[in-house]
Protein chains: 2
Amino acid sequence: MRIAELSRRTDVPVPTIKFYLREGLLSPGERTSHNQAQYTEGHVRRLRMIRALVEVGGLSVAATRDVLEKMYAPGMSVLDSAGKAQFAMVTPRPVVEDAAWEAGCRETEALLERLGWHIRETNPARRTLTSALATLYRLGQTGQLQLLEEYARAARRVAEAELALLVQEPDQDALLETAVVWTALGDSVFSALRRFAHEDVAYGASAPAPEPSAQDTD
Amino acid sequence: MRIAELSRRTDVPVPTIKFYLREGLLSPGERTSHNQAQYTEGHVRRLRMIRALVEVGGLSVAATRDVLEKMYAPGMSVLDSAGKAQFAMVTPRPVVEDAAWEAGCRETEALLERLGWHIRETNPARRTLTSALATLYRLGQTGQLQLLEEYARAARRVAEAELALLVQEPDQDALLETAVVWTALGDSVFSALRRFAHEDVAYGASAPAPEPSAQDTD
């Protein structure tokens, strides 16, 4: 197909496609004349993945190139590719290695030990969790640590449902794209549903919830 | 207490406290001489909340002032204050009102209807969820919509545990601080645990997980 159709199929504007070609995110099409090239279904899929990484993951061009290289490295299983991409999509936060950070590290290790989960040292979620727990220590809010097991149970149920759905996808490229997109989007979805649940639980499920700006009589 | 002790108690440096005083985030202490003022436990609590909003919520000074005004508006219940603060802590994303956005809106409404949850029109989580679902539509990944109910169940269990723990807090200021801090941090905690669960479920819970960079023989 020509670049105009590639654009139509992927909803990516032609100038953006040309930019991705120049930046090496997308491999060149097969040149058919001095100013025309043909693109394939492979280009459609790659472009959809680039769009997913940029729009959903919020990745820069450099970070997207890095993720794509890791995802499509030779000899990787789909699971490993998805894992690599997900590891690369986490923006590392600056670490302050104070006493609270050390306490957060210990809590993270202790939790994984209690859960019996086998997690690689390289999984960036270790740092995400440690950072959140360190903040609890810094603010003196360690009472919330009691909630970790309930969170872990909820996360495990969700993860099992996600993987069960994922393995039904016969196309490996589509599976990879779904894994990357949904892993990132799922965080927003859970965040929104948790806030909905807070409101519904706090104000009671049966009565219509009042506007928070309205006068409260109770 | 003097400003040095206020700093020690809250782990906020004196110049930062002076900045918050100038910016009106913190009310002035009681002046005891031309260059000294006395601060109270109320200042300690307010300063902890400011730190929580800035560090955890990532809020700017202007946004923090806005949240504090809403939280401590007269005549609000603790629940309403916490709700106001949480509503204000969501950074609104730009909305592209295309067909995918419309589809996302419909999905959000249909889900709340199925769940029977009463959610205010003003809850910014509506927009968060709609935005995530619109992205699924734009990328043609609507198969993942099947996961919404499992997500909602998980979110509800977590929210119930959180509110049950929260109402045990007798001090209203501490309750408010916890609600604000934990609502924001809980998202990171769940995100990390979900990634842990993905790894543990994908690679099997019994065998030690291989490093993704190692050669795979299976």
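Scroll up to find the structure.
Now for a look at the structure at hand. Predicted model only: the values in this text are computed from it and were never measured. (Residues numbered from 1 in each chain as written. Chains lettered and ligands numbered in written order. Predicted model: local features only at pLDDT ≥ 70, side-chain atom pairs only at ≥ 80, totals over all residues. Heavy atoms only, no water.)

## Details of the interface of chain A and chain B
Note the cut-off: What makes two residues a contact is simply this: any of their non-hydrogen atoms within 4.5 Å. Here the quantity called buried area is the accessible surface, traced with a 1.4 Å probe, that two parts lose on coming together, added over both. Just to be clear on terms, a salt bridge is a Lys or Arg side-chain nitrogen sitting within 4 Å of an Asp or Glu carboxyl oxygen.
Between chain A and chain B, the residue contacts involve 84 residues of the former and 85 residues of the latter. Note on chain A versus chain B: buried area summed over both sides is about 8,400 Å², and carbon and sulfur give 65% of it. The largest share of the area that chain A buries against chain B comes from His 118, Arg 120 and Phe 196 of chain A, three residues that together contribute 9% of it. Connecting chain A to chain B are ten salt bridges.

## Looking at the pairing of strand S1 (residues 30–33) of chain B
Remark: a regular strand shows side chains that alternate across the two faces of the sheet. Stated formally: Pairing between strands requires that DSSP locate at least two bridges from one strand to the other. Runs of H or I in DSSP of at least four residues are treated as helices and runs of E of at least two as strands, each being numbered from the N terminus.
Note: S1 of chain B against strand S2 (residues 36–38) of chain B, three bridges, orientation antiparallel. Directly across from Arg 31 of chain B, in S2 of chain B, lies its bridge partner Ala 37 of chain B.

## Considering helix H9 (residues 172–202) of chain A
Residue and element names in this part refer to chain A. The following threshold applies: The span one expects for a helix is its residue count, reduced by one, times 1.5 Å. Residue exposure (1.4 Å probe, protein chains only): buried if accessible area is under 20% of the type maximum, exposed if over 50%, otherwise partly exposed. Any pair of nitrogen or oxygen atoms within 3.5 Å is treated as a polar contact; in protein, a donor-acceptor pairing is required on top of that, and neighbouring residues in sequence qualify only through side-chain atoms on both sides.
The terminal C-alpha atoms of H9 lie 43 Å apart, and with 31 residues this matches the ideal 45 Å at 1.5 Å per residue to within 8%. The buried count for H9 comes to 24 of 31 residues, which makes it a mostly enclosed element. Residue Asp 171 occupies the N-cap position of H9, its side-chain oxygen lying 2.8 Å from the main-chain nitrogen of Ala 174. Positive phi shows up at Gly 204, right after H9, with a value of about 85 degrees.

## What about the nonpolar core?
Which entries qualify depends on this criterion: Here the nonpolar core consists of buried residues drawn from Ala, Val, Leu, Ile, Met, Phe, Trp, Tyr and Cys, with membership extended through side-chain atoms lying within 4.5 Å.
If you look at the biggest cluster of nonpolar residues, it comprises 124 residues, and the most contacted ones within it are Leu 193 of chain A together with Leu 193 of chain B. Residues within four places of Leu 193 of chain B in sequence aside, it is in contact with Leu 111, Trp 117, Leu 129, Leu 148, Tyr 151, Ala 152 and Ala 155 of chain A.

## Some details on the relation of the copies chain A and chain B
Defined as follows: A least-squares fit on C-alpha atoms brings the copies together, and the residues used are those whose pLDDT is at least 70 in both copies.
For these two chains of identical sequence, chain A goes onto chain B by a turn of 180 degrees and a shift of 0.0 Å along the axis, with RMSD 0.0 Å. When the rotation and shift are considered jointly, the pair of chain copies conforms to a two-fold rotation axis. Measuring from the rotation axis to each C-alpha of chain A, the shortest distance belongs to Ala 154 of chain A, at 2.5 Å. Comparing interface residues between copies, 100% of those in chain A also lie at the interface in chain B; the contact surface is shared.

Keep in mind these values describe shape, not function.
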